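Residues per chain, in single letters:
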Amino acid sequence: NAGVTQTPKFQVLKTGQSMTLQCAQDMNHEYMSWYRQDPGMGLRLIHYSVGAGITDQGEVPNGYNVSRSTTEDFPLRLLSAAPSQTSVYFCASSYSGIGTRSSYEQYFGPGTRLTVT
Amino acid sequence: GESVGLHLPTLSVQEGDNSIINCAYSNSASDYFIWYKQESGKGPQFIIDIRSNMDKRQGQRVTVLLNKTVKHLSLQIAATQPGDSAVYFCAEKRSRGSTLGRLYFGRGTQLTVWP
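The structure displayed is predicted, hence computed values, not measured ones.

### What to know about the confidence of the model for chain B
Overall, the prediction assigns chain B a mean pLDDT of 87, with 86% of residues at 70 or greater. No element of chain B has a lower mean pLDDT than strand E1 (residues 4–5) of chain B, at 53, and none a higher one than strand E7 (residues 62–67) of chain B, at 97.

Put into structure tokens, the structure is as follows:
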């Protein structure tokens, strides 16, 4: 298994440009999420999905859109990039947490480092 | 406001010693907690988790303790090794119920292991 993959690894955008960060997992996980990590900060949840066709907002959703058309893919779209969106973005996946599993281990991708000038 | 926080931003230990990393939370509705390790330039890596109906859970060289009375979580690493040097985050699931939505992370503690 490749686990969780993210592309691109690095990206530089100009203010106002749009782009999509790609995330894919091959573990048949129901739950997928996007986080951003800023220097000296923990991860903040942007959006998450508990299955294909189902998404919900996290802590910092403004300026980002998501969709989940398949179990495997969960792209994050920046509609009009702003310097405040300069950050490292992580995608994660796990089983959904529904049921009686003892653990819901989350797997993170390697991250995308985004700079908006 | 409610937050997941860590008491110490940095922790330095000697190789072979035990490490204890602390985490405070304020939301009594949180029912699931996770510890992650993040090495420089990499994504967080799951270490261990614990449900709110437990006080203690052990893994390989790691133990998580949960004290719901004072809303405190700790990660104990036995016989700390240089490879344990990383930033450690605790995270909580704030909503009761069945899904992993609303997972909130603390700011992290930098653990440095010296020989």
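### Considering the state of the cysteines
All names here are of chain A. Within this structure, the stated rule accounts for 2 disulfides over all chains. In this model cysteine 23 forms its disulfide with cysteine 91; the gap between the sulfur atoms is 1.8 Å. Handedness of the cysteine 23-cysteine 91 disulfide follows from its S-S torsion of about -70°: it is left-handed. Of the two residues, cysteine 23 sits in strand E3 (residues 19–25) while cysteine 91 sits in strand E9 (residues 87–94), which places them 68 residues apart along the sequence.

### Description of the layout of surface pockets
If a probe the size of a water molecule is rolled over the atoms, the empty space left behind becomes visible. Size it by volume and the largest pocket reaches roughly 570 Å³. Gln37, Val88 and Arg113 of chain A together with Gln38 and Gly41 of chain B are the residues nearest the centre of the largest pocket, which is lined by 30 residues in total. Contributing elements (two or more residues each) for the lining of the largest pocket: E9 and strand E11 (112–116) of chain A together with strand E9 (86–93) and strand E11 (109–114) of chain B. In terms of residues, the lining of the largest pocket owes the most to one element, E11 of chain A, which gives 4 residues. Its residues assigned to classes, the lining of the largest pocket comprises 11 nonpolar, 13 polar and 6 charged. In this structure, the second largest pocket encloses a volume near 260 Å³. The wall of the second largest pocket is formed by Lys37, Gln45, Phe46, Ile47, Ile48, Gly59, Gln60, Arg61, Val62, Ile77, Asp84 and Tyr88 of chain B.

### A word on the nonpolar core
Among the nonpolar cores identified, the biggest contains 20 residues, and Trp35, Leu73, Leu75, Tyr88 and Leu111 of chain B are the most heavily contacted of them. Taken together, the elements giving at least two residues each to this core come down to strand E2 (10–14), strand E3 (19–25), strand E4 (32–38), strand E5 (45–51), E7, strand E8 (72–77), E9 and E11 of chain B. Judged by nonpolar contacts, the second largest core, of 19 residues, contains Cys23, Met27, Val66 and Leu76 of chain A.

### Considerations on the pairing of E3 of chain B
Residue and element names in this part refer to chain B. The alternating pattern of E3 places Ser19, Ile21, Cys23 and Tyr25 on a buried face, while none of Ile20, Asn22 and Ala24, on the opposite face, is buried. Two strands pair when backbone bridges link them, and E3 and E8 are joined in this way by 6 bridges, in the antiparallel orientation. Counted as the bridge partner of serine 19 is isoleucine 77 from E8.

### Overview of the side chain of glutamine 38 of chain B
Position of glutamine 38 of chain B relative to the elements: it lies in strand E4. Since its relative accessible area comes to 9%, glutamine 38 of chain B is described here as buried. A distance of 2.9 Å separates polar atoms of two side chains, one belonging to glutamine 38 of chain B and the other to glutamine 37 of chain A. Here the side chain of glutamine 38 of chain B touches lysine 42 of chain B through a polar contact of 2.8 Å, landing on its backbone oxygen. Not counting residues within four places of it along the chain, the set of residues in contact with glutamine 38 of chain B comprises Gln37 and Phe90 of chain A together with Gly43, Pro44, Ala86, Val87 and Phe89 of chain B.

Rules of the game
- Residues numbered from 1 in each chain as written.
- Chains lettered and ligands numbered in written order.
- Predicted model: local features only at pLDDT ≥ 70, side-chain atom pairs only at ≥ 80, totals over all residues.
- Heavy atoms only, no water.
- pLDDT = per-residue confidence, 0-100.
- Helix = DSSP H or I, 4+ residues; strand = E, 2+ residues; numbered from the N terminus.
- Disulfide = S-S within 2.5 Å.
- 1 Å grid on protein atoms, 1.4 Å probe; cavity = no way out; pocket = protein on both sides within 12 Å on 5 of 7 lines; lining within 4 Å.
- Points joined across faces, edges and corners; volume = space filled by probe spheres on them.
- Nonpolar A, V, L, I, M, F, W, Y, C, P; charged D, E, K, R; others polar.
- Core = buried A, V, L, I, M, F, W, Y, C linked by side-chain atoms within 4.5 Å.
- Buried < 20%, exposed > 50% of the residue type's maximum accessible area, 1.4 Å probe, protein only.
- Pairing = 2+ DSSP bridges.
- Polar contact = N/O pair within 3.5 Å; in protein donor to acceptor, adjacent residues only side chain to side chain.
- Contact = heavy atoms within 4.5 Å.

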